[in-house]
Amino acid sequence: MHITLIGAGPRNLALLPRLIAHANQTNQLTKIHIIDPLGIGGRVWRVEQDPNFLMNTVTSQLTLFTDDSIQTYAPIITGPNFYQWAKQYGIAYIQKNDFVNANAFLDEIAKINPNRFSSRALFGVYSKWFFDQLLIDLPQNIQIKLTQQTATEIHQLASKQFSITLQNNLIFNTDEVVMALGHVDQSLSPEEENLNTYAQQNLLTYVPAGHPAEADLQQIKANEPVILRGLGLSFFDYIAKLTIGRGGKFSRNQNAELVYQPSGQEPQLIAGSRHGIPLHARGTNQKVSKDGYRPRFFIPAALDHFAETHQGEVTFDFFMNLIKKEISFKHYLNVISDLAVTWPFNAKAFLDALSDSDEIDVTARQWGLPDDLIMNWDLILNPFAKASASNYQETFISYLKWDISDARQGNVDAPYAGAFDILRDIRSVIRHYVLANYLNEQEYPNFLREFNPFNNIISVGPPVLRVEQMQALMRAGILTITGPQIKIEATDQQFIANDIFGKRYPAKQLVEARLHGINMNTSTNPLIQNLVADKLISTKKYQEANGTFFEVGGAVINRVTMNLVDSEQHDVHGLRLWGVPTEGWSWFTTFSPDPMFMTKFCRMLKILPIIFLPEGHFKLTLS
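Source: prediction; values computed, not measured.

What counts, and where the lines are drawn
Residues numbered from 1 in each chain as written. Predicted model: local features only at pLDDT ≥ 70, side-chain atom pairs only at ≥ 80, totals over all residues. Heavy atoms only, no water. Helix = DSSP H or I, 4+ residues; strand = E, 2+ residues; numbered from the N terminus. Rg over C-alpha atoms; globule rule 2.2 N^0.38 Å. Buried < 20%, exposed > 50% of the residue type's maximum accessible area, 1.4 Å probe, protein only. Contact = heavy atoms within 4.5 Å. Areas by Shrake-Rupley, 256 points an atom, 1.4 Å probe, with all protein chains shown as cover. Lys, Arg positive; Asp, Glu negative; His and termini not counted. Charge placed at Lys NZ, Arg CZ, Asp CG, Glu CD. Pairing = 2+ DSSP bridges. Axes fitted to C-alpha atoms, helices over the stretch in contact; angles between N-to-C directions. Salt bridge = Lys/Arg side-chain N within 4 Å of Asp/Glu carboxyl O. Core = buried A, V, L, I, M, F, W, Y, C linked by side-chain atoms within 4.5 Å. pLDDT = per-residue confidence, 0-100. Parallel < 35°, antiparallel > 145°, perpendicular 65-115°, else oblique. Nonpolar A, V, L, I, M, F, W, Y, C, P; charged D, E, K, R; others polar. Phe/Tyr/Trp six-rings, centres within 6.5 Å; stacked < 30°, edge-to-face > 60°. Lys NZ or Arg CZ within 6 Å of the ring centre and 35° of its normal.

Q: Looking at this model, I keep getting lost on the overall build of the chain. Mind explaining?
A: Across its full length, the chain holds 19 helices and 25 strands. Here the C-alpha atoms of the chain give a radius of gyration of 25 Å, agreeing with the 25 Å that 2.2 N^0.38 yields for 623 residues. Overall, the chain is about 70 × 65 × 60 Å in size when its C-alpha atoms are taken along their principal axes. Across the 623 residues in the chain, those meeting the buried criterion constitute 56%. When contacts within the chain are restricted to residue pairs at least 6 apart in sequence, long-range pairs at least 24 apart make up 72% of them. Surface accessibility of the chain: about 26,700 Å² in total, with carbon and sulfur atoms responsible for 48%. Between the averaged position of the 53 positive side-chain charges in the chain and that of its 61 negative side-chain charges there is a distance of 4 Å.

Q: What should I look at first to understand the sheet that holds strand β6 (residues 151-156) in this one?
A: Strands belonging to one sheet form pairs held by backbone hydrogen bonds; the direction of such a pair is parallel or antiparallel. Here three strands make up an open sheet; going across it, the order is β6-β7-β8 and the pairing antiparallel. Edge positions in the open sheet fall to β6 and β8 (171-174), since each of these has one partner strand only. Across the sheet, the mean angle separating the axes of adjacent strands is 25 degrees when strand polarity is ignored. The sheet contact formed by strand β7 (residues 162-166) and β8 spans four bridges and is antiparallel. Bridged to Ile164 within β8 is Phe172.

Q: Help me out: how do you make sense of the pattern of salt bridges in this one?
A: Applying the stated criterion across every chain yields a total of 22 salt bridges. The closest approach of N and O atoms between Asp237 and Arg120, which form a salt bridge, is 2.8 Å. Here Asp237, found in helix α6 (residues 233-242), pairs with Arg120, found in helix α4 (residues 120-135); they are 117 residues apart in sequence, far enough to count as distant. For Arg120, a relative accessible area of 12% corresponds to the buried category. Note that Glu192 is salt-bridged to Arg514, the shortest N-O span being 2.9 Å. With a gap of 322 residues between them, Glu192 in helix α5 (residues 190-201) and Arg514 in the loop between β19 (509-512) and α18 (526-533) connect regions that are remote in the sequence. Judged by relative accessible area, which is 2%, Glu192 ranks as buried. Residue classification places Arg514 among the partly exposed positions, given a relative accessible area of 24%. Sharing partners across several salt bridges, the network here consists of Glu191, Glu192, Arg229, Glu512 and Arg514.

Q: I'm lost on the pairing of strand β16 (residues 487-491) in this one. Help?
A: When a strand is regular, its side chains alternate between the sheet's two faces. Note: β16 against strand β17 (residues 494-498), five bridges, orientation antiparallel. Residue pairing for β17: Ile488 is matched across the bridge by Ala497. Taken together, β16 and the strand that follows it, β17, pair antiparallel across an intervening segment of two residues, in which Asp492 is found at a positive phi of about 55 degrees.

Q: What is the right way to look at the nonpolar core in this model?
A: One broad rule of soluble globular proteins: the nonpolar side chains tend to lie buried together. Phe447 and Phe451 are the most contacted members of the largest nonpolar core, which has 127 residues in total. Tallying contributions element by element places helix α8 (residues 316-336) first for this core, with ten residues. Residues in contact with Phe447, not counting those within four places in the same chain, are Phe316, Phe319, Ile430, Tyr433, Val434, Leu439, Asn452 and Trp587. Phe236, Tyr260, Ala271 and Ala281 belong to the second-largest nonpolar core, a separate cluster that totals 39 residues.

Q: Quick question: what am I supposed to make of the sheet that holds strand β9 (residues 176-179) here?
A: Strands sit in the order β5-β2-β1-β9-β23-β22 across an open sheet of six strands; the sheet is mixed. Edge strands, defined here as strands with exactly one partner in the open sheet, are β5 (142-147) and β22 (563-565). In this sheet, neighbouring strand axes are inclined to one another by 30 degrees on average, regardless of whether the strands run parallel or antiparallel. Pairing geometry for strand β1 (residues 2-6) and β9, over four bridges, is parallel. Residue Leu5 lies in a different strand from β9, and its bridge partner there is Val178.

Q: Sorry if this is basic, but what is going on with unusual backbone geometry here?
A: In most cases, non-glycine residues show a negative phi, while peptide bonds are predominantly trans. Even without glycine at this site, Lys160 takes up a positive phi of about 70 degrees. Of note, Lys160 is situated in the loop between β6 and β7. Of note in this structure, Gln493 is not a glycine but carries a positive phi near 60 degrees.

Q: Help me out: how do you make sense of the confidence of the model for the chain in this one?
A: Regions with low pLDDT carry predicted coordinates that are not meant to be interpreted in detail. Overall, the predicted model of the chain reaches an average pLDDT of 91, with 93% of residues at or above 70. Here residues 603-623 is a poorly scored stretch, pLDDT under 50, and it has 69 contacts once near neighbours within four places are set aside; other chains count.

Q: Mind showing me how you'd approach the side chain of Ser328 here?
A: Checked against the element boundaries, Ser328 lands in helix α8. Dropping the residues within four chain positions of it, Ser328 is found in contact with Ile360, Asp361, Met375 and Trp377.

Q: Honestly, the packing of helix α15 (residues 427-435) against helix α16 (residues 444-459) in this entry has me stumped. Any pointers?
A: Each pair of packed helices can be summarised by the angle the axes make with each other and by the distance between the axes. As a packed pair, α15 and α16 sit with axes 13 Å apart at the nearest point and diverge in direction by 170 degrees. One way to sum up the angle between α15 and α16 is to call them roughly antiparallel. The segment α15 lies against α16, with Arg427, Ile430, Tyr433 and Val434 engaging Tyr444, Phe447, Phe451 and Ser459. Classifying every residue of the contact of α15 with α16 by side-chain character gives six nonpolar, one polar and one charged.

Q: It is not clear to me how α6 should be interpreted in this structure. Could you clarify?
A: Helical geometry note: an α-helix holds 3.6 residues per turn, so side chains three or four residues apart project in the same direction. In terms of residue burial, α6 counts as a mostly covered element, since eight of its ten residues are buried. Among the residues making up α6, those that are buried are Ser234, Phe235, Phe236, Asp237, Tyr238, Ile239, Ala240 and Leu242.

Q: In this structure, what is going on with the packing of aromatic side chains? I would like to understand it.
A: Where two aromatic rings form a pair, the distance of their centres and the angle of their planes describe that pair. Overall, the coordinates contain 44 aromatic pairs when judged by the stated rule. Considering the side-chain rings of Phe82 and Phe123, the 5.2 Å spacing of their centres and the 85 degrees angle between planes classify their relative orientation as edge-to-face. Remark: Phe123 occurs in helix α4 and Phe82 occurs in helix α2 (residues 82-96); sequence separation between them is 41 residues. Both rings, one in Phe447 and one in Phe451, keep their centres 5.4 Å apart while their planes meet at 15 degrees; by these two values the pair is stacked. Taken together, the residues span about one helical turn, with Phe447 and Phe451 both in helix α16 at a distance of four residues. On the basis of relative accessibility, which here comes to 0%, the residue Phe447 falls in the buried class. Chaining the aromatic ring pairs together yields one cluster made of Phe298, Phe316, Phe319, Trp377, Tyr433, Tyr444, Phe447, Phe451, Phe454, Tyr542, Trp587 and Phe588. The ring of Phe297 has Lys325 sitting right over it, with the charged end atom 4.5 Å from the ring centre. Directly above the aromatic system of Tyr542 lies the positively charged group of Lys540, at a separation of 5.1 Å from the ring centroid.

Here is the structure:
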């Protein structure tokens, strides 16, 4: 049996010990071939990248090993989570290997904390150690080979095998393929092509969208304006690279507020986005292994019951109202849990009233909660609605100050950050909603168009430290935030950022501080292009109520087997894809395994464990 894993990031690495465990239950020879041009860790977690780039998951909530949350007959292969590894094995492993960032890694481990955010590069070191451990005492019937090449072609063979071509023209056959390709590159949009061409013709600097660790920022000139288009997670990587990456320093004043000390090598940062809303800071971690919010309202049974009484469908409005009720309930629970405040009501009676209410925020106001404690969704999702051009910077800084103060209270206790964080705990219910096909084809686009931005804004934000840095840079005059609905104009040998207030920000430097969306049909990844050309990858269009079509760019897969579905709507048996390239067809694929919550990782992706049968065929079971 020959299995090929294309991509050596967390998904396929976490799959590897399950393959080893199940192959070890048989006597057959099993060859596992791992293909990734950047080696173990892959593109996002490569150890050579700038250690200033942080993850947005705390160290104790990351692992590559399996544990007792996996229900399977094959033995689990246990090991330390990321934090435990850093404390027990990290220093010795780093000292034994010649890593470019070794000194930075040792400094980081000296200060590491289970509830803090580490660098992506250090997690890459953990990934390499993990892989090395798997190779120790490998059973004799299992062979593992790593090839640092790019896979460029996959073709089906009459023998039910697959032919794989690498960039160095090596061709080999394999029985099974599992692809975890991550965020694949995309071609430039027509607007981006025009901006890039204009930059070349007028000697301007244009940095296209892509992974921040791979962006050429050396060409960005100091003390000159640079427009950053995007306020998402990538934006925080860019401002880190252009400030502390250029010698700037942060310190705390006597009020414990972060203050920025410029090096003089920074550009003048001008940043904005279409929505204009920064991602909420992640609350300081208060959750330990096995901890998680248990929802009262947003539960599978509630969705199933609605479907039973509505022809097997659950409307998007019902879904959103239920999820907002759950978040609001947690918000009010946190608000009244402040022991320093004496409330004029019995807490249980208040919570019971909220539970029974169809208008939970109205009920909270009726019980006497002041307006500033009522969950105002319009304000949460559009906090700058009343801001003007003259006070926008001050309003933005005040908003960041509020967000920082709230997030510091913790991802359990904070009135807002603690309520928003439950979206991470109830993702399995959201996936149940998607995988059960409760959304009809007319409403599925609403889910992608409306719920995804909602989820991203309130629960997929950066560490609070990054938001503090953003605020300090604004106060230092290094960073200016444009109003919403930013648009880029190329004229008069410069770029101009225009916002909703009519303000114009000229610059000769433009950075697309974001990743492209997922679209198989416009990807520049050679393997994706090959699979699209051979019609082994398909995408899906949804017809909306007004007759228009909404196209999902992610690859269509069988959600149970993870097999690709070809253009004729047939499963491509044995050719599996999971992760980011399936986004839109799958939901929220950008996460890593969590200790004691590995079932989230496996059950959603439906690929673990693969059970070997004596005759060498596969049977997939759900764990």
